[in-house]
Amino acid sequence: MPMPHRTQQQVIKRRLTGKEGAERIRELRAILAELPGYRNGPYADLRKWVEGELTATRRRKRVVNRDSIAVRREGAAQIALVGPPNAGKSSLLQALSAIQIRTGDYAFTTTRPVAATTRLGGVLVQLVEIPGLIEGAAEDRGGGRALLGVLRNADAILWCQACDRPPEELEAIRTEVAAAGIELPGLVAATKCDEAPPFGHPELRVLPVSVLDDASLERLSEELWALTGLIRVHLRDGGDPIALRPPATVLDVAAAIHHELGEHCAGARIWGPSAHFEGQRVGPRHELCDGDTVEVVSR
Ligand SMILES: Nc1nc2c(ncn2[C@@H]2O[C@H](COP(=O)(O)OP(=O)(O)OP(=O)(O)O)[C@@H](O)[C@H]2O)c(=O)[nH]1
Ligand SMILES: [Mg+2]
């Protein structure tokens, strides 16, 4: 005896309770597959209702996606600044780039991710402040899911924690990030080190920084460059270095300059750490090191 269709509709509604987005779409599809395929009568109406829900859910999902915070990637790598409210993330972003943003002596000064490009080791890299991550963020508290979505796209994390605050604050946020399944190379900036002595961390490298101390910012830039994991290759005829993800070969450099050069690359002359002697002639598959200088030889 099949369930009366009214009961069936209630059961369906219950199955959809609390489900949104992809999850709701999955459930609706499953429901459609289970419904008998009558063309007329109450079951056909029920099917129509479910199909309508599916369309509406898809439309809502698109709107949510458009509104969810997207950060357009720029530069060779993206490093996210993550930490408790008021940790000094915006101040660091400002000190490391040309951006002018609001900083303030209160929590949640920044309400949306803010991106700025900066030159690290001569290469343009994007820094993004991820504001407002709080306990429960992985469960979407404080709009955490969208913020974590931005973080997921980053290449590395600069964890920011003020020296004059209990270090547990940072651990609470690290727990949320881990709960969201985000694992990225990271470094801790012990911010406001002019205010209080820095702290240690059992797993991560800690670098004391203060926006009032240029030398500390300089050291931070160097460490951030290393954190990207990229290597820099200089071109013999000058210009900005090319940033590449290792392992990188002569062919990768040629292709990065121009795809046609990639096709006609016969090798290179190289200077620097990966060369046995200055101006060594190598083949296209030669693997390059950070700091090499290359002159591509084409056929
Ligand atoms: N003494 C000192 N104060 C700092 C330093 N960096 C930031 N501050 C102060 O700390 C406060 C918070 O700085 P913000 O950069 O706004 O912190 P935030 O992490 O971006 O804060 P939210 O966006 O609210 O999460 C401001 O009053 C800053 O002036 C520092 O190196 N030394
Ligand atoms: Mg801020």
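Here goes a summary of the coordinates provided. (Residues numbered from 1 in each chain as written. Chains lettered and ligands numbered in written order. Predicted model: local features only at pLDDT ≥ 70, side-chain atom pairs only at ≥ 80, totals over all residues. Heavy atoms only, no water.)

1. Focus on helix α2 (residues 21–34)
Definition in use: Secondary structure elements follow DSSP: runs of H or I no shorter than four residues count as helices, runs of E no shorter than two count as strands, and numbering proceeds from the N terminus. One less than the residue count of a helix, multiplied by 1.5 Å, gives the span that helix is expected to have. Partly exposed describes any residue whose relative accessible area lies between the buried limit of under 20% and the exposed limit of over 50%, with all areas from a 1.4 Å probe on protein chains only and scaled to the type maximum. Picture the helix axis, draw a direction to every C-beta atom, and the arc is the one those directions span.
If you check α2, its first and last C-alpha atoms are 20 Å apart, about what 14 residues at 1.5 Å a residue would give, namely 20 Å. Turning to α2, its buried residues are Gly-21, Arg-24, Ile-25, Glu-27, Leu-28, Ile-31 and Leu-32. Looking straight down α2, one finds its buried side chains confined to an arc of 165°; they lie on one side. Turned more than 90 degrees away from the buried face of α2 sit Arg-26, Ala-33 and Glu-34, all of them exposed.

2. Considering the sheet that holds strand β8 (residues 242–244)
Stated precisely, the cut-off is as follows: Criterion used throughout: strands pair if DSSP finds at least two bridges between them. All axes here are fitted lines through C-alpha atoms, helices being fitted over the stretch that makes contact, and every angle between N-to-C directions spans 0 to 180 degrees.
Across the sheet, five strands lie side by side as β8-β7-β11-β9-β10; this open sheet has mixed pairing. Every interior strand has two partners, whereas the edge strands, β8 and β10 (280–282), have only one. Going from strand to strand, the sheet's axes swing by 35° on average, the running direction of each strand aside. Note: strand β9 (residues 265–271) against strand β11 (residues 292–298), six bridges, orientation antiparallel. The residue bridging Ile-270 from the neighbouring strand is Val-294, located in β11.

3. Quick notes on the pairing of strand β3 (residues 123–130)
For β3, the tally of buried residues reaches seven of eight residues, placing the bulk of the element in the interior. Relative to β3, strand β2 (residues 114–120) is paired through seven bridges, and the arrangement is antiparallel. Among the inter-strand pairings, Ala-116 is bridged to a residue of β3, identified as Leu-127. As consecutive antiparallel partners, β2 and β3 are separated by two residues, and within that stretch Gly-121 has a phi angle of approximately 55°, a positive value.

The values are spatial; any link to function lies outside them.
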